[in-house]
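# Results of the structural survey
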Amino acid sequence: MTFDPSRRVFLKGASVLALGVGGAPSDFLTRTAEAATRSDRVLVHVFLRGGLDGLNTVTPYGDPEYYSLREHLAIPRPGRPGGVVALNDHFGLHPLLEPLKALYTEGRLAAIHAVGNYQSTRSHFSAQDFAELGTPGVRTTTTGHLARIASRLEGGGVLKSLSFSAQRPLSLLGPDTAIVAKSIEGFDLAGAGWRSEAERRVRHMYANSPLASLGRDIFSAIEVLQGTPALKAKPRDGVTYPEGAPGPSLRQTALIINSGIGTRSIFVPVGGRYDTHADQIEAHSVELPLLAQALVAFARDLGPNLDKVVVLVTTEFGRTAAVNGSGGTDHGTGFCALAFGGGVKGGRVLGDWPGLKKAQLFEERDLAVTTDYRDLFMDVAKNHLGIADPLPLYPGYNKAKPVGLFG
């Protein structure tokens with residue numbers, strides 16, 4: 001068969017095997033004796049892009065200011081039609097998130113309110129960048145915070161870090177290889193009827209180039225993802241994922257974890273209508289059920305493997321405490337995060353509640369921040385992943401505060 005140079009070889013269902021560019025902080029490049037020994041533990045970060053409204057996600061119905069601020073957007077009190085699903089005498093879930101109540105009652109899921117950082121700004125782009133770099137206010141960071149965490153973990157090989165996205169997220173920026181794929185099922189060379197020739201040609205192309213190691217990593221990843229039968233399994237009996245995001249990505253995340261191929265860090269970015277400047281009720285009616293159903297399906301699909309996994313659900317910022325003139329809320333500051341799995345001591349709403357009186361709001365408009373988002377990840381890094389000293393994971397941060405996710 002004659003090779004036709006017009007044929008294009010590409011990775012189907014994937015972006016690239018992402019490699020770092022530029023330098024890196026010395027704490028990232030140094031492999032210390034603190035590398036985690038808990039080699040089967042996994043961190044899954046579900047990142048809701050757009051700024052989910054925390055006040056209507058885990059609603060502070062016990063704060064009397066909530067109802068005066070939220071007007072027609074306020075979720076009715078527990079026991080009323082369409083009312084809050086009470087978690088305790090102060091907080092409750094949006095009724096469309098009711099499936100999460102079971103995980104909360106089982107002691108697996110915790111909510112953390114008033115999370116954020118004042119240096120992250122109210123710009124989507126800046127706040128998302130700062131969240132993924134882990135250095136709010138600093139754009140010159142050369143590594144992403146999930147990449148720095150993964151660098152301190154053992155095992156995993158080329159599949160240690162993975163993102164379900166079209167391109168490499170800043171979270172995985174760094175010198176180590178990371179898989180970036182829309183779909184693990186389609187992670188392969190694509191060629192209409194000439195797959196074997198394509199592989200031979202690509203292997204030869206990479207063999208004597210400066211990118212030789214990248215070529216080896218590409219085919220190593222393909223061999224594992226295409227050659228592991230467990231990655232073709234169906235969800236556990238009775239488990240159904242929603243078709244909308246983040247359902248498909250979490251279904252594949254469960255496959256990765258249940259297969260035991262060694263992945264340690266998985267990033268699940270989620271788009272959707274979380275930027276609710278207008279028509280927030282309608283937007284939440286679509287997005288919140290998908291989120292709740294996908295998270296519960298993921299927990300049930302993992303079965304006993306949930307003990308090995310901690311899921312953190314965060315967003316770039318919260319939204320204004322008051323309603324705007326378009327039936328929505330504008331860019332804010334403090335938000336509500338969720339955490340479940342592993343040794344998370346759930347059944348609690350954590351974080352110091354700052355209150356919603358005008359004098360208690362940040363700049364008299366936003367929920368104030370009482371927990372820095374970096375503290376959440378450091379808590380998981382130390383108490384779940386086994387990184388003894390997680391503070392160097394976040395350059396420039398020296399005011400770490402215990403969150404108490406693990407009791």
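We now turn to the structure provided with this report. All values derive from a computational prediction rather than experimental measurement.

Next up on the list: the overall build of the chain. Looking only at helices and strands, the chain has 10 helices and 15 strands in total. Looking at the chain as a whole, 55% of its 407 residues are labelled buried. A sequence separation of at least 24 residues applies to 74% of the contacts in the chain between residues at least 6 apart. Summing over all exposed atoms, the chain offers an accessible surface of approximately 16400 Å²; the carbon and sulfur share of this is 53%.

Residues spaced three or four apart along an α-helix face the same direction, because each turn holds 3.6 residues. With 23 residues, helix α9 (residues 280–302) should reach 33 Å at 1.5 Å per residue; the first-to-last C-alpha distance of 32 Å fits that figure. The largest bend along α9 reaches roughly 25° and is located at V286, with the proline P289 sitting one to four residues downstream. Of all 23 residues in α9, 17 are buried, a share of seventy percent or more. Following α9 by one or two positions, G303 has its phi on the positive side, about 60°.

This paragraph deals with helix α4 (residues 124–133). Most of α4 is tucked away: eight of the 10 residues are buried. Residues of α4 that are buried include every one of H124, S126, A127, Q128, F130, A131, E132 and L133, and no others. G134, located one to two residues past α4, shows a positive phi value of around 80°.

Moving on, we come to the pattern of salt bridges. Pairing between side chains of opposite charge can happen when the charged atoms of each approach one another. Taken as a whole and judged by the stated rule, the model has 14 salt bridges. E132 is the salt-bridge partner of R49, the closest N and O atoms lying 3.0 Å from each other. Taken together, the positions of R49 in the loop between β3 (42–48) and β4 (58–59) and E132 in helix α4 put the pair 83 residues apart, joining distant regions of the chain. Taking relative accessible area as the criterion, E132 reaches 4% and is therefore assigned buried. Residues joined by salt bridges that share partners form a network here, namely R122, E363, R365 and D366.

Quick notes on the rules
Residues numbered from 1 in each chain as written. Predicted model: local features only at pLDDT ≥ 70, side-chain atom pairs only at ≥ 80, totals over all residues. Heavy atoms only, no water. Helix = DSSP H or I, 4+ residues; strand = E, 2+ residues; numbered from the N terminus. Buried < 20%, exposed > 50% of the residue type's maximum accessible area, 1.4 Å probe, protein only. Contact = heavy atoms within 4.5 Å. Areas by Shrake-Rupley, 256 points an atom, 1.4 Å probe, with all protein chains shown as cover. Expected span 1.5 Å × (residues − 1). Bend = angle between axes of the 7 residues up to and from the residue. Salt bridge = Lys/Arg side-chain N within 4 Å of Asp/Glu carboxyl O.

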